[in-house]
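Take a look at the letters that make up each chain.
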Amino acid sequence: MIVSVLGFGGAEIGFEAAPQADVDRLLNAALDSGLNVIDTGECYGESEEKIGKAVAGRRGEFYLFTKCGHSSGIDLPDWDPKMLNISIDRSLKRLRTESVDLMQLHSCSEAILRQGDVIDVLQRAKEAGKTQYIGYSGDHDDAHYAVECGAFDSLQTSLNIADQEPLALTLPKARERGMGFIAKRPIANVAWKTGGEPPT
C-alpha cells in the first residue's frame, strides 16, 4: 500500500455520536484533500455504519482498515472464534464493502494470542478474501509478542511524544520483518476534549 502520511481514525465519530451529515462532510473533504486511509473498529459505536454510508461509493479511492475482537452487542464472549467470524462479517456489512484492506485484532492479550485460535480466524478471513492483510492493534508486551510470533502483516501501536516505548520494544523487529506500521494516538489524544488551545 502507498498510504498518505495521515489517516482518519474513526473512533471519535462513533464515541461522540457525530451526526451523519458531519461525517459525510468530514470524510469526503479528507479524501478530496488526498488522505487515503480510514481506520475504524467494531467497538466504536456507530463508526463503521457512518463510514459506510459516507464513502462506500468512493471505495476505490482509499484503504479501509477495521478491527475485531470485542463482542460489541454479539451475545458471545470477547475473543471467542465464533464471535470473531460473526463480527468480521458484520463489519463488512456495516462498511458496505465485500472486503477491507486490513483487519486487525483489537488489543487482545499475549495469552490470547498464544492460544492461536484468534489468529486462525483472521488468517481464514484473509484466505476467503474478506481482508487483504491482517494486523495487530495494541501496546506493550502484547504488541511485542504479536510482532515476534510472525503471524501479522502490520502493527498499530501508540507512538507519540508521550509514549515512545515502541522505538525500542516493537518497531525494530517489525521493520526487520517487513511489517506495515500505523502510529496510534500520534498526538497523544491532546485535542479530544479541550475545545481550544492549552493554557500557557
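Refer to the structure printed above.
Residues numbered from 1 in each chain as written. Predicted model: local features only at pLDDT ≥ 70, side-chain atom pairs only at ≥ 80, totals over all residues. Heavy atoms only, no water.

Student: What am I meant to see in the overall build of the protein here?
Tutor: A count of helices and strands for the protein gives nine helices and seven strands. Here the protein has a C-alpha radius of gyration of 17 Å; the compact-globule value for 200 residues is 16 Å, and the two agree. In terms of overall dimensions, the protein has a C-alpha envelope of 45 × 40 × 35 Å along the principal axes. Relative to its 200 residues, the protein shows a buried fraction of 46%. Taking the intrachain contacts of the protein between residues at least 6 apart in sequence as the baseline, contacts between residues at least 24 apart amount to 72%. (Helix = DSSP H or I, 4+ residues; strand = E, 2+ residues; numbered from the N terminus. Rg over C-alpha atoms; globule rule 2.2 N^0.38 Å. Buried < 20%, exposed > 50% of the residue type's maximum accessible area, 1.4 Å probe, protein only. Contact = heavy atoms within 4.5 Å.)

Student: Explanation requested: the packing of helix α2 (residues 20-32) against helix α3 (residues 47-55) in the structure shown.
Tutor: For any two helices packed against each other, one specifies the crossing angle of their axes together with the interaxial distance. It is at 9 Å that the axes of α2 and α3 come closest, and there the two elements cross at 60°. One way to sum up the angle between α2 and α3 is to call them oblique. The crossing of α2 and α3 is right-handed. Counting all contacts with α2, which are made through Gln-20, Val-23, Asp-24, Leu-27, Asn-28 and Leu-31, the residues of α3 involved are Lys-50, Ile-51, Lys-53, Ala-54 and Val-55. (Axes fitted to C-alpha atoms, helices over the stretch in contact; angles between N-to-C directions. Parallel < 35°, antiparallel > 145°, perpendicular 65-115°, else oblique. Left-handed = near helix turned anticlockwise from the far one by under 90°.)

Student: Help me understand the environment of Gly-10, please; the structure alone is not making it clear to me.
Tutor: Along the chain, Gly-10 turns up in the loop between β1 (8-9) and α1 (11-15). C-alpha separation for the pair Gly-10 and Glu-46, spaced 36 residues apart in sequence, amounts to 9.6 Å. Here Gly-10 is in contact with Asp-39, Thr-40, Tyr-44, Ser-47 and Ile-51, once residues within four sequence places are set aside.

Student: Would you mind going over unusual backbone geometry with me for this structure?
Tutor: Where the residue is not glycine, phi is negative for most of them; where a peptide bond is considered, it is trans in most cases. Residues other than glycine seldom take positive phi values, yet Ser-72 does so here, at roughly 45°. According to the relative accessible area criterion, Ser-72 is partly exposed, its value standing at 28%.

Student: Where do I start with helix α7 (residues 140-148) in this structure?
Tutor: Given 3.6 residues per helical turn, the α-helix brings residues three or four places apart onto the same face. Residues of α7 that are buried: Ala-143, Tyr-145, Ala-146 and Val-147. Residues of α7 that are buried make contact with α5 (110-115), β5 (131-137), β6 (154-158) and α9 (171-176). Following α7 by one or two positions, Gly-150 adopts a phi angle in the positive range, close to 80°.

Student: Sorry, what's going on with the pairing of strand β3 (residues 63-68) here?
Tutor: Walk down a regular strand and you will see the side chains alternate between the two sheet faces. β3 sits mainly inside the fold: five of its six residues count as buried. In this structure, strand β2 (residues 37-39) lies alongside β3, joined through three bridges in parallel fashion. By the bridge assignment, Ile-38 is partnered in β3 with Leu-64. Regarding topology, α3 serves as the crossover connection from β2 to the parallel β3, and that connection is right-handed. Sheet topology places β3 next to strand β4 (residues 100-106); four bridges connect them, and they run parallel. (Pairing = 2+ DSSP bridges. Right-handed = clockwise from strand over helix to strand, strands pointing away.)

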